[in-house]
Amino acid sequence: MSALVQSPQAAPAPLTRAEDWRNGGFGLYIHWPFCASKCPYCDFNSHVSAEIETDAWRNAYISELRRVAALTPGRVLNSVFFGGGTPSLMDPELVAAILEEVRACWPQGNDIEITLEANPTSVEAGRFRGFRDAGVNRVSMGIQALNDSDLRALGRLHSVEEARHAFDIARNTFERISFDLIYARQDQTLAAWQAELREAISMAADHLSLYQLTIEQGTAFGDRYARGRLKGLPDDDRAADMYFATQELTDAAGLPGYETSNHAAPGEESRHNMIYWSYGDYAGIGPGAHGRLTLDGQRYGTEAIRAPAAWLNAVTEKDSGDVVKTTLSGEDQAWEYLMMGLRVTRGIDLTRFSTLSNHDLTPKINELTSYGLVEKQSGILRVTKAGQPVLNGILRELLP
Amino acid sequence: MIKLSNIRNFSIVAHIDHGKSTLADRLIQLTGTVAERDMQAQILDSMDIERERGITIKANSVRIEYPAKDGETYILNLIDTPGHVDFAYEVSRSMRAVEGSLLVVDATQGVEAQTLANVYYAIEADHEIVPVLNKIDLPASEPERICEQIEDVIGIDASEAVHISAKTGLGVPDVLEAIVTRLPAPTGDPDAPLKAMLVDSWYDSYLGVVVMVRIMDGTVRRGDRIKMMQTGATYGIDKLAVLKPQMTDIDVLGPGEIGVITASIKQVRDTRVGDTITTEKRGATVPLPGFKPAQPVVFCGLFPVDAAEFEDLRAAIDKLALNDASFSFEMETSAALGFGFRCGFLGLLHLEVIRDRLEREYDIDLITTAPSVIYHIHMRSGEMIELHNPADMPDLTYVDHLEEPRIKATILVPDEYLGDVLKLCQDRRGIQMDLTYAGARAMVVYDLPLNEVVFDFYDRLKSVTKGYASFDYQMMGYREDALVKMQVLVNEEPVDALSTMVHRDRAEARGRMMCEKLKELIPRHMFKIPIQAAIGGRVIARETLSAMRKDVTAKCYGGDMTRKKKLLEKQKKGKKKMRQFGKVEIPQSAFISALKMDD
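Before going into details, it helps to say that this report is about the structure given with it.

This part is about the overall build of chain A. Across its full length, chain A carries 15 helices and 15 strands. Taking all 400 residues of chain A together, 58% fall into the buried category. Sequence-distant contacts, at least 24 apart, represent 71% of the contacts inside chain A between residues at least 6 apart. If you sum the accessible surface of chain A, you get close to 15900 Å²; carbon and sulfur atoms cover 49% of it.

Listed below in structure tokens is the structure:
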């Protein structure tokens, strides 16, 4: 874990005054760590396993839900998110059992959002109705590309046709649908991406996650890249052009970007993900899941054991899958809030930042404003359209 | 004392990777000089940098006892010599200390540039040369063709070349026999006053300064009082030894022998390579010919990346200087870089070696500024100032004229690359002095300004001739020329560490090249950055580094928060390793890379 020791300038102990989970809501993340196969670009905690003992896993999730619920009694739950791995490979009955337990554990908001990540293969499409009956009301589909050869290059198991078919089933099954595409792929031209994005927009989802391909260390792509074997990736200038083209097309289609890589029709933003970006509270359950929880006025970061078997064993034997629970100082929280909050177009509340941190951002804000990268208005700091594709540069400037 | 007729002194001349170290290892092993269990590869290259770069920086030697077929036991002294033009003087001294050379050529590769350069030193020292063809066991070896090549290119008889495989040991006994039968024994008068040539010296943390000597005339014993003829300093010998290759005490060294001396000498700088050592009483009156004092010709600033490490740098430089008399230093302050040292070196390799050692052995990150030569500035007042650092250039209104050091460069190059070499020399303001042919090789002599050579001439020469040229130079004195100080401005701020002296006619081209280079070397910032080259107040070249366009994490949800923050912090820390000039951060590597010319 990073330096979570109280830094000398950290605000004194009672941070409860205005800073608690009510600022961002309360969500629940459930991690299902298994995939049918590993994708070469993915650095998420995913594993391929031949045999999964559903009973043991069900019991473990339920035990974890109860443990966390006991720490957070009476919180109103705004969202549940099944991520992975490939949660669409879960038995719908397992999803149902988990959601039933969730309902028993916390009172729920009227408009609770329950999302499940799904791969668009026929196998999974066959389970959609079961997921809906279990309570899932939103799916996020990993379509990734609308081009068969690129899908193969990305290590995906579905074809475009299959994806479209699964998408149609999803549209008839769930209230809300989002799907993911990856762009700035090998040898992809700006024109090709524009055409593909137009096609994606025409599929009429209410939400799109459009990610630039990122080469992560420890992935198959990362290894290939390090050996100079991953050619044809766009340079920064071309990548920036693609980014701006993406903003233009989605704006025109009524799906404006509300976060770095996320686009939605107004009101259809992912409520669960907005909890992260608003730096609200969320419990993380399942192997490798992270959480941020305010307990008795103190904010904690939690992290579960990553390896599925070890996590399962820990939950069964020791009644907790968490391996780390760190106290977050005011400064820690301030920078996490800044880092997450500037991703969303609405920006961050500088008053909230200054209740957490004694650091004066003004000189850096002024400098970045002069470059046209950020703007400050009535206590809100926002990254401009020009600043969005260089957010990491902005954050490095702002960090102490 | 050993009979002269039973001594053979030799060096090994070879290109990198042609098997010099392996052959030396085999000779040492085969004669049982080092016990099998103490053997390690490249036993004579003691510095890590030597092993890594495959070069020899310090001379080293080993004494081998060899019972020959004629029934006599011979003492064979191998001196391992440095092999780079920066150390040309040291090489020439080492060569003078022995009578013969083994010329090792890879039978799959043939004669290469470094071989030529070093053979040249051996020929100059009147060596008997025994060609040795190595890697004869490899299917790709072509001994006949390589022998012809040796005869054509070098002009020595290769009909009796020894065929070996240093790796397998095949033929190595023949090498030992050839050393005894084909190389001449040394000469010298045991009764004459002592004349010992100082071949090299180094600092040993237990023994103090160790001096390697070749006895030319006379004898030396433990306890003798000796005198360095150049410095006049006298010492009592504490220890007399030969290297096997570990130090083995001996009572007396006579003519033709090679050994080491310790004599409570405090610093390596008290010993001069090439100096003549004699006895304090009844010593020789005339020293051995050929001594030259070490003269730094290249200067540059060394600054700690982290200003807090200045004291560590001082301590490290003090320590290194104990072991290297040819390197000079004084404190320097730069507006941009803070406190550091202005250091003088024998050449660029020497500079790189010292810098590497400071960074590695002492773990200090360094910024190296543009290498410079010493200019003579003649003031209107009649005064002459030596300029070691372009940043110190006085106001031009007080300057009458400038002089720069010139060298006489001798380049040996195969015909096919001659055109490229002439162009390179011409581009570097050279004046051709001579051009002759020897077989398929041309010998080109050029009068060149040292400042055009100092930086990357050797690298460029190697690259335009695919490594087939050899290069040597001598200082020729100073000459007036139209030199100006070129400044570099990054985001309108002058960066003093990038100031260079250039010829007026070259300034524009050089300025443009430097701006283009810096545009590549400086990472994009959040704003666009003008990069300019200027003479006085006049901008002669300009480039613009555009602002950063893309750097954002595509996926960032609840699980990634900690890792993402760590990554940003790490990047921020990486930025702190750069130097801040106004609002611009310049990576340390830029200070030296910006000056390399790809013409």
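What follows continues from the structure just given.
Okay, the pairing of strand β12 (residues 239-243) of chain B next. Residue and element names in this part refer to chain B. For β12, the buried fraction is high: 4 of the 5 residues fall into the buried class. Strand direction decides the pairing type here: β12 and strand β15 (residues 258-262), joined by 3 bridges, are antiparallel. If you follow K239 over to β15, its bridge partner there is T262. Looking at chain direction, β12 and strand β13 (residues 247-249) are connected through 3 bridges and run antiparallel. Bridge pairing in β13 places A241 opposite D249. The hairpin formed by β12 and β13 contains 3 residues between the paired strands.

Within the fold, D43 of chain A resides in the loop between β1 (26-32) and α1 (54-71). For D43 of chain A, a relative accessible area of 19% gives the class buried. There is a polar contact of 2.8 Å between the side chain of D43 of chain A and the side chain of R563 of chain B.

In this section: unusual backbone geometry. Of note, the bond from G84 of chain A into G85 of chain A is cis; its omega dihedral lies within 30 degrees of zero at 20 degrees. Its place among the elements puts G85 of chain A in the loop between β2 (77-84) and α2 (92-105). Here the amide bond leading from K244 of chain B into P245 of chain B is cis, since omega sits at -10 degrees, within 30 degrees of zero. If you trace the backbone, P245 of chain B turns up in the loop between β12 and β13. The residue S378 of chain A is not glycine, and still its phi comes out positive at about 35 degrees. Under the relative-accessibility criterion, S378 of chain A is labelled exposed at 73%. For D363 of chain B, which is not a glycine, the phi torsion comes out positive at approximately 55 degrees. Among the secondary structure elements, D363 of chain B is positioned in the loop between α8 (348-361) and β20 (366-368).

Residue and element names in this part refer to chain B. The antiparallel open sheet is built from 8 strands, whose spatial order is β11-β10-β16-β7-β8-β15-β12-β13. Edge positions in the sheet fall to β11 (234-236) and β13, since each has one partner strand and no second. Ignoring which end each strand starts from, the neighbouring axes of this sheet average 40 degrees apart.

One pass over the structure, following the stated rule, counts 51 salt bridges over all chains. For R185 of chain A, the salt bridge identified is with D150 of chain A, shortest N-O distance 2.8 Å. Here R185 of chain A is found in the loop between β5 (176-183) and α7 (190-202), whereas its partner D150 of chain A is found in helix α5 (residues 148-153), with 35 residues between them in sequence. Each member of the pair, R185 of chain A as well as D150 of chain A, is classed as buried. Among the ionic contacts, a cluster of salt bridges with common partners joins E404, R406, R429, D447, E452, R479, D481 and R510 of chain B.

All names here are of chain B. Of the strand pairs in this sheet, strand β21 (residues 375-379) and strand β22 (residues 384-387) are connected by 4 bridges, and their pairing is antiparallel. Along β22, the bridge assignment pairs I377 with I385. Where β21 folds back on β22, the antiparallel hairpin that results is connected by 4 residues, among which G382 adopts a positive phi of roughly 95 degrees.

This part is about the layout of surface pockets. There is about 1500 Å³ of room inside the largest pocket. Around the largest pocket, the lining is made up of 37 residues, and of these T214, I215 and E216 of chain A together with V552 and L567 of chain B lie nearest the centre. Mapped by element, the contributors of at least two residues to the lining of the largest pocket are β6 (207-212) and α9 (236-252) of chain A together with α13 (561-576) of chain B. Among the elements that take part in the lining of the largest pocket, α13 of chain B stands out by supplying 6 residues, more than any other. Across the lining of the largest pocket, the residue classes tally to 17 nonpolar, 6 polar and 14 charged.

A word on the interface of chain B and chain A. If you look at the interface, chain B gives 29 residues, while chain A gives 49 residues. Taking both partners together, chain B and chain A bury about 3700 Å²; carbon and sulfur atoms supply 57% of that area. Where chain B meets chain A, there are 7 salt bridges. We note a salt bridge from D551 of chain B to R396 of chain A, for which the minimum N-O separation is 2.7 Å. Taken together, the links from chain B to chain A amount to 23 residue pairs in polar contact (both at pLDDT 80 or more). Split into classes, the residues belonging to the side of chain B that touches chain A amount to 9 nonpolar, 5 polar and 15 charged.

About the criteria used
- Residues numbered from 1 in each chain as written.
- Chains lettered and ligands numbered in written order.
- Predicted model: local features only at pLDDT ≥ 70, side-chain atom pairs only at ≥ 80, totals over all residues.
- Heavy atoms only, no water.
- Helix = DSSP H or I, 4+ residues; strand = E, 2+ residues; numbered from the N terminus.
- Buried < 20%, exposed > 50% of the residue type's maximum accessible area, 1.4 Å probe, protein only.
- Contact = heavy atoms within 4.5 Å.
- Areas by Shrake-Rupley, 256 points an atom, 1.4 Å probe, with all protein chains shown as cover.
- Pairing = 2+ DSSP bridges.
- Polar contact = N/O pair within 3.5 Å; in protein donor to acceptor, adjacent residues only side chain to side chain.
- Axes fitted to C-alpha atoms, helices over the stretch in contact; angles between N-to-C directions.
- Salt bridge = Lys/Arg side-chain N within 4 Å of Asp/Glu carboxyl O.
- 1 Å grid on protein atoms, 1.4 Å probe; cavity = no way out; pocket = protein on both sides within 12 Å on 5 of 7 lines; lining within 4 Å.
- Points joined across faces, edges and corners; volume = space filled by probe spheres on them.
- Nonpolar A, V, L, I, M, F, W, Y, C, P; charged D, E, K, R; others polar.
- Buried area = accessible area lost by both parts, 1.4 Å probe.

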